Amino acid sequence: LAALLGHGRRGNNMPLPFRFHTRQNKPVLLCSFVGMVIVSVFAAAWYRQSISSVQSAPRTMTTNLQTSQSYSSTMPFQFRFQICNGLTNQKLQILDGVLVALFLGAQIVLPKMIALNGAQFLSITDMNMQPTDRIFNMRRFENKIQQTYSNFWCRRREHQAFKIWCSDNPPPAILYDTNIDIKNVNVEHLKLKPDEWGQNALTDIGDAAFMRIFEDKRFIMDKSILRITEPCEFWFNVKVKEGTDFWDEFWKIQDVLEFNDQIVELGENAKRIFLHNFGGVARAKAKKHGYKVDDESIQHGGFHVVHLRAEKDWQNHCERWFSWIDRRDNCMNNTWHIGNVLLSEGISPALPVYLATGLSETDVRDLRNIPSMHSFFNIYTVVTKAMLGLTTDVGEEREYWAAVDFILGRDAEWFVGNSISTFSALMMEFRARRKMPVLPYNAGKMALEEIDCIRPNKMTLIPPVRPVIKWLFILPQNVEQYDVVYNMTMAAVNSALSKTRVVPVCVTTADPYSAIVVRLASMGVRIIHHTPKWTRDVNRMVERWNSVGERSFFQYFRPLKAEEVIARWLRIDLPMLGLLDDFALYTDVSVVFTDDVNWMDLLGENHLNLARSMERKMFPGPFFNNYAPPGKLGVPRFFAVPDSKNTRHSGVMLMNLKNLRQSYSEFSAFVINEKQLLKIDGVDPCSYLEFYEETSLPLRVGWKPHQPENNSVSLVHFYGPNCQVDIFPYLRTGHVRFELYRGDLEMCAQERSCAQLCRQYENYLNDASDT
């Protein structure tokens, strides 16, 4: 563009129009000076005429964007851009377009009309083109941007645009494309090159443009215009990075681009109705499930907003993106497990959830019937637009209702969205600057951050190694109060809460209103409710098993229960349940924590390298390749188990959920079959050790009670003999429940630490009873 303008960028080796060469003689310099004066006089007269015309007729904004703007208010240097697609794309195009024009010093030419139905990748017969102020408060925006131009350029005296925008009567900063007399204007169209979108390059180009305008009389006499015109996709070239002037001005522009008064009023009324009608309902529902209701913890709106992208156009988006060579692989992640995401992240069900989506009420009703969505709709109080009396279907006013969604999301306690969606991404950037909680339910980086369209210094992503470790355990379906499983679970949870900083996460098929589930929720355990897709297969297999009576020589000759088999195999589904963590600690409930567990324990020294190198990309590259060899300590490719010299078992595992997720189909097909029932009571009921190559955990994470005392132990696993029904009865009376346990019980009797650990178990059990 600088070449088209006939000038290079400012610099000692780049002559500009008003920099005279040393070989020019004095008469030539004098003539040049006189010419400059004449041009300046004409320019001043032209601008006085323009401003006088504008001021003599008052500018008014109506819903049709009718203004008194005419050619007399135009400037000979303009930046014009198109606006397209959905609401947030439209908003970003306006923000970035104004930002680019500001640094150019150019007048902004906006389209008069925008689409209220900007869905992409669908056959849209009617985009419902409406005036821009059907969405945005354009009159206020014009006034604020006029002031922004003045403030910006009055601080930059060294640039040519200072003379225009810091004058007593500057031209209007914003025009509309219908207010320009195209027939009587000679427009010279220009384009920006890829390397000319930076803030310094734009300012240099603006300087060159103004100097050419001041130099060329036809821009004054013939009313000619230099215009840079860009399609709506231009905004991908605008890189807004924190620490730059671009960043500061972008957010100033964002703050003055408001929705119109009707939308703002509608959004505020919706919030009042939302809290009035559903705030108490959510609290009562949460109490029944055992969740605490703490009004003092509410910092913001007192409600949550989930922006769920599941519309047909979004699914088409994702299919297309996933087909690219550099594909976005997290576009639809966790969409159908959104309830699990919220529960596993500790987002309180005591506050109602507004569902911000383009789905119709019929679509939402269909979602309620999907088993994996039951947690979302049954545990949380989910409220739709129709429930607030707004609309049952966004229809052809999709972007209008998206603006209402934006108002609610802006003030929510938690905003949960899809990091690929521009709506979610802009909302999360907006809230992050205000230190308000945000969560990308599909994990991965924010798309806008990945391509540097909005790039803060601290990126919004779920890191591969999170500060707090999640501890996962399975709870069977029918657990009676104070039976062995109930007691082991309570002791394990109390020890974790007492000795560690781990976050307990229970995955269960139990009834949400069962006594143990309600009790665990009241203790702060995060509950994930899950019914496996293979439940019917297990029911059929167990029925055949019990009727045929097939047994292995190594197994106890007993009938099986389907719920028991499901509980044993349920761990294979852990990678598929919407957990945002790449690594998590899994254990049976027959454990007691004796000290804190940290990443150094689980991953070794390489965890620091892992934290630095495993940042995920929207376009996936190598995740991490420096895995520990099989049987060695370090970062596991799939999972790691305690490094026992005798029997390795899968009752304690550090799981690489990301890699296990990628191999889930093959592994689940391997596990869910009748032959696997022969191993149901073994050390590895899911055959992890057979299907995968495992790495090792240090023994202090998975110590056995009959092993010698060790003060460095942080996790004791009571695999086999249990304190309540095996160890204490043997120590007191010599009773052996299963002959298979005799050897372990004899060693336990010889080790003082065994009885001490069981007394700790009893203490934690008593703590649970007291609470």
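Preceding this paragraph is the structure being described.
Each residue is numbered by its place in its chain's sequence as written, counting from 1. Predicted model: local features are reported for residues with pLDDT of at least 70 only, side-chain atom pairs are reported and counted for 80 or more only, and whole-chain, interface and lining totals are derived from all residues. Calculated side-chain values reflect all of the structure's heavy atoms, with hydrogen atoms and water omitted.

Enquirer: I'd like a rundown of the overall build of the protein, residues and numbers included.
Expert: Secondary structure elements follow DSSP: runs of H or I of four or more residues count as helices, runs of E of two or more count as strands, with numbering from the N terminus. On a plain count of helices and strands, the protein comes out with 28 helices and 22 strands. Classification of the 771 residues of the protein by burial places 56% in the buried group. Contacts in the protein between residues far apart in sequence, at least 24 positions, make up 75% of those at least 6 positions apart. Exposed residues in this analysis have more than 50% of their type's maximum accessible area, buried residues have under 20%, and partly exposed residues fall in between, with area computed by a 1.4 Å probe over protein chains only. Contact definition: two residues touch when any of their heavy atoms are within 4.5 Å.

Enquirer: Residue-level account of the side chain of Thr500, with values.
Expert: Locating Thr500 in the fold gives a position in the loop between α17 (484-499) and β14 (503-508). Residue class for Thr500 comes out buried when judged on its relative accessible area of 11%. Definition of a polar contact: a pair of N or O atoms within 3.5 Å, with one able to donate and the other able to accept a hydrogen when the atoms are protein atoms, and with sequence-neighbouring residues admitted only if both atoms are side-chain atoms. Engagement of the side chain of Thr500 in a polar contact is seen with the backbone oxygen of Ala496, the distance being 2.7 Å. A polar contact of 3.2 Å, which involves the side chain of Thr500, links it to the backbone nitrogen of Val502. Filtering out sequence-adjacent residues up to four positions away, Thr500 remains in contact with Ser495, Phe593, Asp595, Asp596 and Val597.

Enquirer: Go over the packing of helix α3 (residues 87-104) against helix α8 (residues 245-256) with me, naming the residues and quoting the values.
Expert: Taken N-terminus to C-terminus, the directions of α3 and α8 make an angle of 125°; their axes are 10 Å apart at the nearest point. If you check the angle between α3 and α8, you find them oblique. Judged by the twist between their axes, the crossing of α3 over α8 is right-handed. Here Lys91, Leu92, Leu95, Asp96, Val98, Leu99, Leu102 and Phe103 of α3 come into contact with α8, specifically with Asp245, Phe246, Glu249, Phe250, Ile253 and Gln254. Three classes are used, and their members are as follows: Ala, Val, Leu, Ile, Met, Phe, Trp, Tyr, Cys and Pro are nonpolar, Asp, Glu, Lys and Arg are charged, and the others, Gly among them, are polar. Tallied by class, the residues present in the contact of α3 with α8 amount to 9 nonpolar, 1 polar and 4 charged. Where helices are involved, their axes are fitted lines through C-alpha atoms of the stretch in contact, as for all axes, and angles between N-to-C directions lie from 0 to 180°. Throughout this description, any angle smaller than 35 degrees is read as roughly parallel, any larger than 145 degrees as roughly antiparallel, any in the 65 to 115 degree range as roughly perpendicular, and the remainder as oblique. With the far helix as reference, a near helix turned anticlockwise by less than a right angle produces a left-handed crossing, and one turned clockwise produces a right-handed crossing.

Enquirer: Describe the nonpolar core, naming the residues involved and giving the relevant values.
Expert: Of all hydrophobic cores here, the largest spans 91 residues; its most connected members are Phe77, Phe79, Phe141 and Ile145. Of the residues forming this core, the biggest block, 11 residues, is contributed by α3. Grouped together as the second largest cluster of nonpolar side chains are 87 residues, Ala350, Leu580, Leu715 and Phe728 included. Buried Ala, Val, Leu, Ile, Met, Phe, Trp, Tyr and Cys residues form a nonpolar core when they are joined through side-chain atoms within 4.5 Å.

Enquirer: Before we move on, could you go through helix α9 (residues 261-288) and cite the residues and values that matter?
Expert: To estimate the expected span of a helix, subtract one from its residue number and multiply by 1.5 Å. For α9, which comprises 28 residues, the first-to-last C-alpha distance of 40 Å matches the rise-based estimate of 40 Å (1.5 Å per residue) to within 8%. Bend, in this description, refers to the angle at a residue between axes fitted to the seven residues ending there and the seven starting there. At Phe278, α9 shows its largest kink, close to 40°. If you check which residues of α9 are buried, you get Ile263, Gly267, Ala270, Lys271, Phe274, Phe278, Gly279, Ala282 and Ala286. Buried-residue contacts for α9 involve β8 (304-307), β9 (353-356), β10 (382-383) and α14 (398-411).

Enquirer: Give a detailed account of the sheet that holds strand β22 (residues 715-717), specifying residues and quantitative values.
Expert: Spatially, the 3 strands line up as an open sheet ordered β17-β22-β21, and their pairing is mixed. A strand with exactly one partner marks an edge of an open sheet, and here the two such strands are β17 (591-593) and β21 (701-703). Sheet twist, expressed as the mean angle between neighbouring strand axes with direction ignored, is 30°. Two strands qualify as a pair provided that DSSP identifies no fewer than 2 bridges between them. Direction of pairing for β17 relative to β22: antiparallel, over a ladder of 3 bridges. Counterpart to Phe593 in the pairing with β22 is Leu715.

Enquirer: Account for the environment of Asn260, naming residues and giving values.
Expert: Take Asn260: it is sitting in the loop between α8 and α9. Linking Asn260 and Arg140, residues 120 residues apart in sequence, is a C-alpha distance of 9.2 Å. When neighbours within four sequence positions are excluded, Asn260 is seen to be in contact with Asp133, Arg134, Ile135, Phe136 and Asn137. Here Asp133 takes part through its backbone oxygen, which lies 3.0 Å from a polar atom of the side chain of Asn260. Polar contacts involving the side chain of Asn260 include one to the main-chain amide nitrogen of Gln262, which spans 3.1 Å.

Enquirer: Quick rundown of the pattern of salt bridges? Include the residues and the values.
Expert: By definition here, a salt bridge exists when the distance from a side-chain nitrogen of Lys or Arg to a carboxyl oxygen of Asp or Glu is within 4 Å. By the definition in use, this model includes 36 salt bridges. The partner of Arg466 in a salt bridge is Glu345, with the nearest N and O atoms 2.8 Å apart. In this pair, Arg466 sits in the loop between α16 (447-450) and β13 (470-475) while Glu345 sits in the loop between α11 (338-344) and β9, placing the two residues 121 residues apart along the sequence. Neither residue differs from the other here; Arg466 and Glu345 are each classed as buried.

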